[in-house]
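# Coordinate inspection notes
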Amino acid sequence: MKLASNKLPLIGISLSLFFWVIDSLIDLLVFNESESLIESLFFAEPIELWMRSLVVVLLVSFSFLSRALLEQKEELVKDLDRHQNELEDLIAERTDELLIAKTKAEKLANTDSLTGVDNRRSLFEKAEKEMQRVRRYDHAFSIIIFDVDHFKKINDSYGHAAGDQALINLVEITKQEIRNIDIFSRIGGEEFAILLPEINTDSAYVLADRLRLKFQEFTGSKPVLFTASFGVASLEPEDVSLD
């Protein structure tokens, strides 16, 4: 049971009074040095009163000193708890910052900076996982690869900003036509790929033709009008890699 520090002086004083009374009773009953308890309490021999007083002073002093030490200990414990909490908060904050930085770094490493879609590295990492699933469950899995026609001519004629805008427009159109589970990636300068889980070759051809028409019908500003050429293939369980 924890002892409150503010009770220590009261305990010291109580012990002192108790000692004084007990010592007086011993003088009265054992040594018969006094005729009454009152005389033993207050009118004992000077040396006896001096010894009692010394013990009382020591007990009371010790109680006050103990209170001071206990209060100091409590303050130290509070300081340690506060510093520990601050350190834990700091560690948690730094951990969160590191996780955020790690997530951002991973995203940057796997994302095309211009268009925001997956880059070639990310495509091959995700393709490997899909290939494992295809081999295990023998599901359909197709890929569409396409690139912008005469992209160098767009850059040479209208500038790289126009070429970049053409790629951005292409990506936005494509996103509207594919599913959330499809894996869309920029794998080269003007070359893109779409991995299509659970899609057979015929359905992949339909999507490729729909994208081709969407690109042709795009009504943006003239410098960034573009068309694209497509290739479609299905991946079989015996295929060892996307290459």
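The structure under discussion appears in the preceding block.
Described below are features of the structure shown in this document.

What counts as what
- Residues numbered from 1 in each chain as written.
- Predicted model: local features only at pLDDT ≥ 70, side-chain atom pairs only at ≥ 80, totals over all residues.
- Heavy atoms only, no water.
- Salt bridge = Lys/Arg side-chain N within 4 Å of Asp/Glu carboxyl O.
- Helix = DSSP H or I, 4+ residues; strand = E, 2+ residues; numbered from the N terminus.
- Buried < 20%, exposed > 50% of the residue type's maximum accessible area, 1.4 Å probe, protein only.
- Core = buried A, V, L, I, M, F, W, Y, C linked by side-chain atoms within 4.5 Å.
- Axes fitted to C-alpha atoms, helices over the stretch in contact; angles between N-to-C directions.
- Parallel < 35°, antiparallel > 145°, perpendicular 65-115°, else oblique.
- Left-handed = near helix turned anticlockwise from the far one by under 90°.
- Contact = heavy atoms within 4.5 Å.
- Nonpolar A, V, L, I, M, F, W, Y, C, P; charged D, E, K, R; others polar.
- Pairing = 2+ DSSP bridges.

## Notes on the pattern of salt bridges
Here the structure, examined in full by the defined rule, presents 13 salt bridges. As a salt-bridge pair, Arg-82 and Asp-79 come within 2.9 Å of each other at their nearest N and O atoms. In this pair, Arg-82 and Asp-79 are both assigned in helix H3 (residues 46-110), three residues apart and thus about one turn of the helix distant. A residue is classified by how much of its surface remains accessible, and Arg-82, at 41% relative accessible area, is partly exposed. Between Arg-179 and Asp-182 there is a salt bridge; the shortest N-O distance is 2.6 Å.

## Topic: the nonpolar core
One finds Ile-144, Phe-146, Leu-170, Phe-184, Ile-194, Phe-215 and Phe-226 to be the most contacted residues of the largest nonpolar core, which totals 27 residues. When contributions to this core are tallied by element, the ones reaching two or more residues are strand S1 (141-148), helix H5 (151-158), helix H6 (160-177), strand S3 (191-197), helix H7 (201-217) and strand S4 (228-234). Among the elements that make up this core, the one with the highest residue count is H6 (six residues). The next biggest cluster of nonpolar side chains, apart from the first, holds 11 residues, and it includes Met-131, Ala-193, Leu-195 and Leu-235.

## Section: the packing of H6 against H7
Running from N to C, H6 and H7 point in directions that differ by 140°, and their axes come no closer than 10 Å. Relative to H7, H6 is oriented oblique. Every pair of crossing elements has a handedness; the one defined by H6 and H7 is right-handed. In this structure, H6 contributes Leu-170, Ile-173, Thr-174 and Glu-177 to the contact, and H7 contributes Leu-207, Arg-210, Leu-211, Lys-214 and Phe-215. Of the residues contributing to the contact of H6 with H7, the split by class is five nonpolar, one polar and three charged.

## A closer look at the sheet that holds S3
In space, the four strands of this open sheet follow the order S2-S3-S1-S4, with antiparallel pairing throughout. Across the chains shown, the open sheet's two edge strands, defined by having one partner strand only, are strand S2 (183-186) and S4. Averaged over neighbouring strand pairs, the angle between their axes works out to 15° when direction is ignored. One ladder, built from seven bridges, connects S1 with S4; its direction is antiparallel. Opposite Asp-147, over in S4, you have Ser-229 as the bridge partner.

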